[in-house]
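Breakdown of the fold
Residues per chain, in single letters:
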Amino acid sequence: MIPCYTVQRNLACIQRTVGGVRWTSSCRPAPLLTASPVRALIDDKISIRGHFLPPRCPVTVCAQMQSDDGDLWEAFAHFNTNSDGTVNLTRDPSVGGSYLGCEPMGLLWGLQPAPGAREGLRQAEKKKVETPYVMLMSLLKGHVSPSERPSTELAAVTAERWYMAPGVRRIEIRQNGVVGTLFLPPGPGPFPAMLDLWGMGGGLVEYRSALFASRGYASFSLAYIGHKDLPGPQNLINVGDPYYKSAFQLLQDHPQVYPDRIGIIGLSFGVYLALRLASHSGIKPSCLICINGPAGSTIKLADADGRTEQTENDQKYWTYDDQGNVSFRAVSLPANLSPESKVKLEHLTCPLMYIVGEDDLSASSVENANLIEETLSAAGKSQLLTRLSYPGAGHLIEPPYTPNSRASLWSVKPQKLVTLWGGHLAPHAAAQEDSWKKILEFMETNLRH
Amino acid sequence: MSMKPLCVKLSVQPSRGLVDEKFTVLVQNLLPGFQLTVHALHQCEDGHSWEAFAHYTTDATGTVNVSQDPSLDGTYSGVEPMGLLWSLRPVPGSKSGLRMRKMNVQTPMVVTISVYQGHQMEGFLDRVSLASVVVERWYMAPGVRRVPITDGKLTATLFLPSGAGPFPGLLDLWGGGGKLVEYRAALLASHGIASMALDYLTPQITKETGKMVDNDYFETAYRVLEQHPQILGSRIAMLGLSFGTSVTLRMAVYSQDVKLSCAVCISGSHVQPIGGSVEQILAYFNRNADKTRFDENNQVIWRDLLLPIPTDPSLKVDMGRLQCPLLLVVGEDDQNWPAHECAMDMKEMMERAGNSHLLTVLSYKNAGHLIEPPFMPFARASTFKTVTNPPTKVMALWGGELVAHSRAQEDAWRKMLVFLRENLYGGMKHGASFSNL
């Protein structure tokens with residue numbers, strides 16, 4: 001392999017001494033790395049290309065990103081340039097690194113905590129949705145790993161990835177006891193809307209709502225556990241049916257929302273909440289999207305309104321792997337759900353999309369999907385159900401092109417616990433990409449037409 | 001089917017782009033044959049509002065794609081993907097003589113794109129749109145660093161591309177209006193060239209001493225670039241517009257210290273007293289001030305001040321001595337400088353001297369003087385404040401026709417980037433060929 005890079009630099013010096021008159025050689029311009037668009041939304045594809053490289057040469061493309069908490073994430077892929085000296089991640093396969101094969105967005109979903117990072121990190125939990133992720137992409141000589149020093153950097157480009165499109169408005173809601181964040185698209189409206197529910201991790205998870213607003217839907221992330229502005233101890237669900245109903249009505253009453261074009265999306269425990277709200281309380285959403293969650297409560301209910309009394313789901317259903325990591329999967333087996341909390345699915349009247357990660361280690365998604373399918377079928381309502389099932393995908397099926405963690409730190413007290421989410425790298429990434437596209441199409445069909 | 005109102009979908013991709021990047025405006029979910037107006041609104045830094053609009057009719061799928069469908073009427077017509085930007089004009093009732101120039105390049109230009117029902121001509125701000133999105137247009141790519149420069153008594157700003165480098169360098173000079181204008185240098189850095197915008201008519205040193213700068217000021221600027229640890233000292237170009245061309249040609253040909261890989265001169269001239277200072281060059285132009293003409297709107301035409309092109313060699317830069325590739329960009333309707341005539345004269349000088357293989361001329365019919373980065377709104381005339389003491393404010397006629405000038409900006413910018421890239425990274429045959437463009 002001729003050191004083409006040094007030849008080019010030497011020629012530059014020779015050219016200089018011959019009085020500034022340039023006599024040509026077969027020198028090529030210096031390598032260039034481009035990313036397009038260079039400021040993109042999280043669910044936009046990015047085209048990453050290297051140009052002006054020697055033909056049939058080994059190169060490494062490397063991506064680095066710093067999370068809001070300061071943790072460094074990295075991915076890299078090995079390529080061989082083609083005969084015209086280019087590398088194009090939309091066309092070329094990676095032959096080594098964080099992923100293999102032709103994966104245009106592999107450097108993004110393949111991001112891992114860099115060596116030396118804190119352990120048990122779960123990424124894609126961007127707390128500040130108003131600022132972008134900043135990604136530094138570099139083109140390195142040869143097939144190297146980023147931590148190998150010294151490596152020759154041939155070119156670099158910085159890209160930004162945003163959850164919020166320009167003009168999207170983020171509004172903190174603390175109204176009628178309801179705690180949440182509303183995202184509104186730019187423009188006069190009115191807009192179709194989504195109520196957005198997450199799992200027992202609690203707090204207020206905003207990024208999916210921000211992305212829905214960037215795609216033209218008003219979206220309301222609702223907190224129900226583990227938030228300082230909610231009543232009662234933070235480790236219990238102290239709000240019940242009236243709370244979720246208020247949240248839905250808040251959307252309906254909003255001057256910029258179509259009151260009869262509101263859907264609900266739930267992940268994990270949020271699935272139960274969405275199903276309960278839709279079949280129980282006189283609320284009529286236009287559609288439901290359920291990801292990897294139970295059709296009944298995994299926690300014993302304290303009252304008829306759905307408040308809970310215990311601090312944790314029943315530990316007798318927890319299982320452990322060889323490393324002492326815990327799987328919550330069995331907790332949500334239909335047989336283990338508290339019977340009085342099982343949602344009366346036969347009362348559903350709107351289209352329902354249920355998304356299953358077949359390698360979900362945190363919830364019994366397959367079994368709950370089966371239960372929902374059987375119940376709707378028995379009620380003559382199977383046409384309402386769209387079931388998406390992804391082999392190799394785990395629990396946290398999130399917006400695309402963000403990395404998945406197979407396991408992450410769940411708690412530090414009373415002892416350090418790492419929980420298993422499941423999901424293998426490439427299939428989980430494919431599931432996120434495909435399901436997101438189908439979610440947006442489902443919303444388009446049910447909320448816009 | 002229910003009587004729900006139509007839920008029109010408007011999208012612009014990308015919603016955050018560089019100023020020279022194209023976008024796609026898509027309107028969907030309407031009925032076929034629906035008449036609509038797409039409207040762009042921008043409030044610039046000095047508070048003035050600019051708008052553009054175009055009339056479309058949806059196709060059989062209820063869609064309008066601005067990149068593919070023709071505008072039937074408005075501030076532009078026909079198929080014009082970027083017409084909503086380059087045809088922006090001050091809203092009715094605005095002051096006359098406005099020109100849009102972004103001075104703060106660290107924030108984006110924000111444009112609101114909206115869809116209105118029907119084919120509307122006016123009163124947009126009093127109507128409710130069907131939908132509206134916000135688009136950002138950036139001069140700086142992510143990772144580009146803005147570095148104010150005061151070394152050597154310069155008033156300048158250096159823009160470094162993202163990454164470790166080293167990068168080729170470029171000295172960026174604007175024209176007779178003075179001030180430190182950063183946006184073109186920022187954009188060039190976004191394309192991988194470390195670029196320094198230099199204020200040479202109204203710099204701090206001139207404000208303090210009352211004296212205009214001279215050759216050593218430009219040589220200092222060149223040296224700052226050459227010695228910068230992230231800049232390839234042997235790969236430096238110079239770019240000048242209008243009076244900036246006068247400085248660029250003089251440095252390129254006569255300076256012992258400045259060794260350029262290439263030069264780009266836009267809307268300028270080689271006519272100047274050889275060996276004169278910057279101040280003397282300006283004085284030479286002023287001597288012909290009686291040749292100033294006015295059009296029917298009392299707008300100032302200055303192109304005759306340099307005509308006829310002198311035959312006296314002491315009044316023209318000796319182009320036969322140029323040793324680096326040169327790209328000349330001129331508008332044939334330039335009413336401010338006789339740029340096209342000067343380009344032809346320079347070509348002739350170089351042909352006689354035998355170095356015309358270094359020269360490329362891009363000459364655009366019906367383009368005016370201010371050939372700027374693409375998709376920016378066009379000003380056929382605008383208020384211009386001279387840097388003389390005391391300054392005078394006039395309405396200068398730049399020339400050009402909207403569509404031809406906008407096309408020229410787009411074409412010239414693209415070719416200029418290719419020219420710079422080929423010459424700054426070393427290795428093209430003389431007189432960079434555009435056969436692959």
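All figures in this text were calculated on a predicted structure; none of them were measured in a lab.

**A short note on the packing of aromatic side chains**
All names here are of chain B. Within the structure shown, the criterion is met by 25 aromatic pairs over all chains. Where Trp302 meets Phe384, the ring centres are 6.0 Å apart and the plane angle is 75°; that geometry is what we call edge-to-face. Taken as a pair, Trp302 in the loop between β17 (300-301) and β18 (326-331) and Phe384 in strand β20 (residues 381-385) lie far apart in primary sequence, 82 residues in all. Cluster of aromatic residues (ring-pair linked, three or more members): Tyr200, Tyr217, Phe218, Phe243, Tyr284, Phe285 and Trp337.

**A closer look at the sheet that holds strand β1 (residues 9-13) of chain B**
All names here are of chain B. Strands sit in the order β1-β3-β6 across an open sheet of 3 strands; the sheet is antiparallel. One side of each edge strand has no neighbouring strand; the edge strands of this open sheet are β1 and β6 (64-65). Relative to strand β3 (residues 24-28), β1 is paired through 5 bridges, and the arrangement is antiparallel. By the bridge assignment for β3, Val12 is matched with Val25.

**Here we look at the UniProt feature "domain: BAAT/Acyl-CoA thioester hydrolase C-terminal" (unreviewed entry) in chain B**
Here, the residues flagged by UniProt with the feature "domain: BAAT/Acyl-CoA thioester hydrolase C-terminal" (unreviewed entry) are residues 214-425 of chain B. For residues 214-425 of chain B, the helix share is 34%, the strand share is 20%, and the end-to-end C-alpha distance is 30 Å.

**Looking at the confidence of the model for chain B**
Looking at chain B as a whole, the pLDDT averages 93, with 96% of positions reaching at least 70. Note on the complex model: pTM 0.91, ipTM 0.89.

**Considering the sheet that holds strand β13 (residues 218-222) of chain A**
Residues and elements named next belong to chain A. Sheet architecture is open: 8 strands sit in the order β10-β11-β13-β12-β14-β15-β18-β19, paired in mixed fashion. Of all the strands in the sheet, the pair left with one neighbour each is β10 (169-175) and β19 (385-390). On average, each strand axis in the sheet is inclined to that of its neighbour by 20°, with strand direction left out of account. Bridge count for β10 against strand β11 (residues 178-184) is 7 bridges, and the pairing is antiparallel. Following the sheet pairing, Arg169 is matched in β11 by Leu184. Strand contacts of helix α4 (residues 241-253): β10, β11, β12 (191-197), β13 and β14 (257-267), with the helix running at about 140° to β14, the strand carrying the most contacts. Sheet strands touched by helix α7 (residues 425-448): β12, β14, β15 (287-291), β18 (352-357) and β19. Its angle to β15, the strand with the most contacts, is close to 165°.

**Notes on unusual backbone geometry**
All names here are of chain A. Residues Gly189 and Pro190 are joined by a peptide bond in cis, for which omega reads -5°. Examined against the element boundaries, Pro190 turns out to sit in the loop between β11 and β12. Phi is positive for Arg56, which is not a glycine, with a value near 50°. Checked against the element boundaries, Arg56 lands in the loop between β3 (47-51) and β4 (58-66).

**Thoughts on the packing of helix α4 (residues 215-227) of chain B against helix α5 (residues 243-254) of chain B**
All names here are of chain B. Where α4 meets α5, the axes come as close as 11 Å, and the angle between the chain directions of the two elements is 75°. By the criterion of interaxial angle, the relationship of α4 to α5 is roughly perpendicular. Here Asn215, Phe218 and Glu219 of α4 lie close against α5, whose contacting residues are Val247, Arg250 and Met251. Residues belonging to the contact of α4 with α5 are distributed by class as follows: 3 nonpolar, 1 polar and 2 charged.

The rules behind each value
Residues numbered from 1 in each chain as written. Chains lettered and ligands numbered in written order. Predicted model: local features only at pLDDT ≥ 70, side-chain atom pairs only at ≥ 80, totals over all residues. Heavy atoms only, no water. Phe/Tyr/Trp six-rings, centres within 6.5 Å; stacked < 30°, edge-to-face > 60°. Helix = DSSP H or I, 4+ residues; strand = E, 2+ residues; numbered from the N terminus. Pairing = 2+ DSSP bridges. UniProt positions renumbered as here; feature names shortened; annotations may be inferred. pLDDT = per-residue confidence, 0-100. Axes fitted to C-alpha atoms, helices over the stretch in contact; angles between N-to-C directions. Contact = heavy atoms within 4.5 Å. Parallel < 35°, antiparallel > 145°, perpendicular 65-115°, else oblique. Nonpolar A, V, L, I, M, F, W, Y, C, P; charged D, E, K, R; others polar.

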